[in-house]
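Descriptive analysis of the structure
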Amino acid sequence: MSYILQSIFNGLLAGCIYALFAMGLTMVYRVLNFVNFAHGELIMWGAYLLYLFMGDPFHFPLYVALIPALGFTILLGLGMDWIVFKPLRRTNRLTLLIAALGISFFLRNGAQLFWGAELRTYGFEIKRGWRLFHISMTANQMAIILATLGCIIIVYLLLYRSIIGKAMRAVSDNLELARVTGINAKKTIRFTWIISSALACVGGILLALDTNLQPGMGMINLVKAFAAILLGGVGNVWGALWGGIFIGLAENLSVLFISTGYKDSIAFGMMVLLLLLRPRVLYGSQE
Amino acid sequence: MTESFLEVRDVYSGYGKIEVLHGVSLTVAPKEIVCVIGPNGSGKSTLLKTIVGLIQPTRGFIQFDGSEISHKEPEENVELGIAYIPQGKNIFPSLTVMENLEMGGISLKDSRKARNAIQEIWERYPILQKRRKIKAGSLSGGEKQVLAMARASILQPRLILLDEPSIGLAPKVIDEMYHHINRMNREGIPLLIVEQNARKALRLAHRAYVLDLGRNRLEDTGEGLLNNEEVQHLYLGR
């Protein structure tokens, strides 16, 4: 029994992180109409940037290092849009997809050049967790849940209470109409990249806190975020949130039946199934 | 001829390699309602999109209030005071009625002005106030059209381009729509209206044009076209 509870808890934990990735990915999709396959690299760079500012020569404490890590990840997101995606905006989706893959390779290999391919950690000692209703949880894991809740609340407030967030929803509804209404589309697109990159950075850091850092961490989690947005309906921010949590739960509950080594295949399997059964999900919820 | 507020002269335009307008000209004088009618595919919507800047003309000249706007972006034209209400999808469906109106005033520097304008809209269109918290996508067709016009009015436009305001609406609702259009015009705003169901629009219009296959075909007063035998036969189905 406690084993099942523990699996559910672990699933929620992983799901929180996938949800953060998926929400950012789906936002960019809704506004710009393409899947940013370099989103995983924002996740990975976010995590490594924190590692950078916590290590030589900075030695900032975690909460201080968070600020430049967030800032530079956002700059990276804005930069990839400005340098690569913006000039390609009027081309077709395939061009954007290939370009995103190109950026992804570039950034992944860049990180590998700096930090090497070996696993790294932030170097917090692992404390024994508390036990609560037969579930063991560590301080890191509590932080993951709290940080995710915080992010969800911030995203909600931005989208539904701030004028720029409302403009972002308007642009994702209808870009042409937004332009003739007087909404500054360029500003709104920049705002979308900022939110998306910040969510990737926070998610990446939480993931690295729970597991470790590795240049390939972005790619594998991008796939899971992608599965989550397919599940939640492409372009639907709250759908992405539930999709992420669902994938996390499914993966961790699957461990009850199959070997842990195959855990990653759950998200892939779901994605393949979804695309086979409902190929139209890729065209989004706009129709 | 009277001085023109909007002048479109010999404009060619289209989508990519497909040219839709092959030299269209028209004028709108201050305080005038001008109607453009024509069959499907005659380029009516393309004409409005070209004026507002969503499509760039390949040749020709567009002038608004004395300055050339042929190659301006839509955002700049909105700033100049041109409001464009597209056909069909002219509201933000996932935003509430209130949020739709807030978007209408987003380019105003003074947010108090936007709030006042929304207050005025509540008085003018009580139905919108009643529904301010619901998603605009779930409004009826007529309410959507009213919302679109109300949103455009927030910026106090100096010219309104209306694309098929009556499409898909019940006759009674169309009457109401034209009542609102007429009121806007009486307040001094010139309108350029594109319509396929032409009778109602022609009755209201000071002047009207018939467009056919991307070219000017006829031009007259609204009354004149309404009584024109060819127009009656071809476009009014009589």
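Conventions used here
- Residues numbered from 1 in each chain as written.
- Chains lettered and ligands numbered in written order.
- Predicted model: local features only at pLDDT ≥ 70, side-chain atom pairs only at ≥ 80, totals over all residues.
- Heavy atoms only, no water.
- Helix = DSSP H or I, 4+ residues; strand = E, 2+ residues; numbered from the N terminus.
- Rg over C-alpha atoms; globule rule 2.2 N^0.38 Å.
- Buried < 20%, exposed > 50% of the residue type's maximum accessible area, 1.4 Å probe, protein only.
- Contact = heavy atoms within 4.5 Å.
- Areas by Shrake-Rupley, 256 points an atom, 1.4 Å probe, with all protein chains shown as cover.
- Lys, Arg positive; Asp, Glu negative; His and termini not counted.
- Charge placed at Lys NZ, Arg CZ, Asp CG, Glu CD.
- Buried area = accessible area lost by both parts, 1.4 Å probe.
- Salt bridge = Lys/Arg side-chain N within 4 Å of Asp/Glu carboxyl O.
- Polar contact = N/O pair within 3.5 Å; in protein donor to acceptor, adjacent residues only side chain to side chain.
- Nonpolar A, V, L, I, M, F, W, Y, C, P; charged D, E, K, R; others polar.
- pLDDT = per-residue confidence, 0-100.
- Axes fitted to C-alpha atoms, helices over the stretch in contact; angles between N-to-C directions.
- Parallel < 35°, antiparallel > 145°, perpendicular 65-115°, else oblique.
- Left-handed = near helix turned anticlockwise from the far one by under 90°.

**Digging into the overall build of chain B**
- From N to C terminus, chain B includes 10 helices and 10 strands.
- Relative to the compact-globule value of 18 Å for 238 residues, chain B shows a C-alpha radius of gyration of 17 Å, a close match.
- Principal-axis analysis of the C-alpha atoms places the extent of chain B at approximately 45 × 40 × 35 Å.
- Taking all 238 residues of chain B together, the buried fraction comes to 53%.
- Within chain B, counting contacts between residues at least 6 apart in sequence, those at least 24 apart form 65% of the total.
- Surface exposure of chain B reaches about 11,100 Å², of which carbon and sulfur atoms provide 48%.
- Put simply, chain B has 31 plus and 29 minus side-chain charges, and the middle of one group is 6 Å from the middle of the other.

**Examining the interface of chain A and chain B**
- Opposite the 17 residues of chain A that make contact, chain B presents 24 residues.
- When the buried area of chain A at its contact with chain B is split by residue, Leu177(A), Arg179(A) and Val180(A) rank highest and sum to 33% of it.
- Seen at the junction of chain A and chain B, the total is four salt bridges.
- The salt bridge partner of Arg179(A) is Glu73(B), with a shortest N-O separation of 2.6 Å.
- Taken together, the connections running from chain A to chain B amount to seven residue pairs in polar contact (both at pLDDT 80 or more).
- Secondary-structure elements contributing two or more residues to the side of chain A that touches chain B are helix 6 (163-173) and helix 7 (175-181) of chain A.
- Partitioning the side of chain A that touches chain B into residue classes produces nine nonpolar, three polar and five charged.

**Things to note about the confidence of the model for chain B**
- With 98% of its residues at a pLDDT of at least 70, chain B reaches an overall mean of 91.
- The secondary-structure element of chain B with the lowest mean pLDDT is helix 10 (residues 229-235) of chain B, recorded at 79, while helix 3 (residues 97-104) of chain B shows the highest, at 96.

**Description of the packing of helix 2 (residues 39-54) of chain A against helix 8 (residues 185-210) of chain A**
Residue and element names in this part refer to chain A.
- One way to put it is that helix 2 packs onto helix 8 with a least axis distance of 7 Å and a crossing angle of 60°. Relative to helix 8, the element helix 2 is oriented oblique. As for the relative orientation of helix 2 and helix 8, their crossing is right-handed in sense. Contacts from His 39, Leu 42, Ile 43, Gly 46, Ala 47 and Leu 50 in helix 2 reach Ser 196, Ser 197, Ala 200, Cys 201, Gly 204, Ile 205 and Ala 208 in helix 8.
- Residue composition of the contact of helix 2 with helix 8, by class: eight nonpolar, five polar and no charged.

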